[in-house]
Amino acid sequence: MEKNQTQLPITIIRPKKTFSLNDFREIWNYRELLYFFTWRDLKVRYKQTFIGAAWAILQPFITMVVFTVFFGKLAQMPSDGVPYPIFVYVGLLFWQFFSSALSETSNTLIANQSIITKVYFPRLILPLSAVLTKFVDFLIASFILIGLMFYYGYTPHLLGFLLIPILLIITFMASVGSGLCLASINVKYRDVRYALPFFIQILLFITPVIYPASIAGKYSWVLALNPMTGVIQSARATLLGTTPINCLLLFISFLVCLDILSIGIFYFKKVERYFADIL
């Protein structure tokens, strides 16, 4: 006598080639997993360390001291009329957020290959969690900037509090968009892990972190092609009053970063179906 067997519905999950509104909905549905990955990365990074999260402060602070001695004192680098330590720290704060987020995002798929090959979840969560981890470091390191502003007697205008979130959004788009492209390429070609540190080191010197953008003179348009130029210059303008805010430069940076983010998402979604096979 045969028993009736009830067949359970089978759900087949296929990656989409393009990004859609459903991806936003899916990321929102998996928001707890995004929080878990972010919290896991923070815990792993500072696990078994003596000073813990204070490393997020020490790294930009020590870099500021070194740059102040060599570029501010010895090389007499101009700083738009403000003390060099606070001048360079504002640039370092946004630069290290971008560079560290880019570096972490580009390696996030390789670092989590054991999860990607076994469990389904929106792959975009991994790069987003990497950038959010670096955003936490940015917030911690910002306390040094607050201390420097009190020490040197700088008070940000109300416009500064309104503009800083916009600058963070632009930096977020630049790091996520670039990171998605590099992470996708890194899955197949592991050269990225060797080339990226060199690229970031070179990019530091064509970004006005240790010098003002005005030093480029008639070649300042070359710096304007770098989206982080508008971010750092606007941050100094609104926090330190170094120069008037260049709205056109900031708008160009926003458009460039929006394009980078769009290209990064498009390429990531296009090759996403091959991640589990190649890893």
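Residues numbered from 1 in each chain as written. Predicted model: local features only at pLDDT ≥ 70, side-chain atom pairs only at ≥ 80, totals over all residues. Heavy atoms only, no water.

### Quick notes on helix 12 (residues 247–271)
Quick note on the threshold: Helix and strand definitions follow DSSP, with helices as H or I runs of at least four residues and strands as E runs of at least two, each counted in order from the N terminus. The span you would expect from a helix comes to 1.5 Å times its residue count less one. For every residue, the accessible area obtained with a 1.4 Å probe (protein chains only) is divided by the maximum for its type, and the residue is called buried under 20%, exposed over 50%, and partly exposed between those limits. Whenever two N or O atoms come within 3.5 Å, that pair is a polar contact, provided that in protein one can donate a hydrogen and the other can accept it, and provided that, for residues adjacent in sequence, both atoms are side-chain atoms.
Given a rise of 1.5 Å per residue, 25 residues ought to cover 36 Å, and the 36 Å separating the end C-alpha atoms of helix 12 matches this to within 8%. Among all positions of helix 12, only Leu249, Leu250, Ser253, Cys257, Leu261, Gly264, Ile265, Phe268, Lys269 and Val271 are buried. By the N-cap criterion, in which a side-chain oxygen at the helix start approaches the backbone nitrogen of a residue two or three places on, helix 12 is capped by Asn246, the distance to Leu248 being 3.3 Å.

### Some details on a nonpolar patch on the surface
Just so we agree on the cut-off: Patches here: salt-bridge-free residues with over 30% relative accessible area, like charges joined within 9 Å, nonpolar side chains (Val, Leu, Ile, Met, Phe, Trp, Tyr) joined within 5 Å. For the area figures, the Shrake-Rupley method with a 1.4 Å probe applies, and any residue is considered shielded solely by the protein chains shown. When a carboxyl oxygen of Asp or Glu lies within 4 Å of a side-chain nitrogen of Lys or Arg, that pair is called a salt bridge.
A grouping of Phe61, Ile62, Val65, Val66, Val69, Phe70 and Leu74 is seen on the molecular surface, where their side chains present a nonpolar patch of about 620 Å² in accessible area. Of note, Phe61 is situated in helix 3 (residues 55–74).

### Side note on the layout of surface pockets
The line we're drawing: Here a cavity denotes grid points, spaced 1 Å and computed from the protein atoms alone, that fit a 1.4 Å probe unable to get out, and a pocket denotes an open set having protein on both sides within 12 Å along at least 5 of 7 lines; residues with an atom within 4 Å of a point are the lining. Grid points are joined across faces, edges and corners, and a volume is the space filled by probe spheres set on the points. For this scheme, ten residues count as nonpolar: Ala, Val, Leu, Ile, Met, Phe, Trp, Tyr, Cys and Pro. Four count as charged, namely Asp, Glu, Lys and Arg, and the remainder, Gly too, count as polar.
Counted as a void, the largest pocket has a volume near 390 Å³. Along the wall of the largest pocket there are 16 residues; nearest its centre are Leu145, Ile146, Met149, Phe161 and Leu239. With seven residues, the top contributor of residues to the lining of the largest pocket is helix 7 (residues 125–152). Across the lining of the largest pocket, the residue classes tally to 14 nonpolar, two polar and no charged.

### Brief notes about the pattern of salt bridges
Applying the stated criterion across every chain, the model contains two salt bridges. As a salt-bridge pair, Arg40 and Asp41 come within 3.1 Å of each other at their nearest N and O atoms. With relative accessibility at 22%, the residue Arg40 sits in the partly exposed group. Across the salt bridge formed by Glu272 and Lys269, the nearest N and O atoms sit 3.0 Å from each other.

Purely geometric stuff here, so don't read any function into it on its own.
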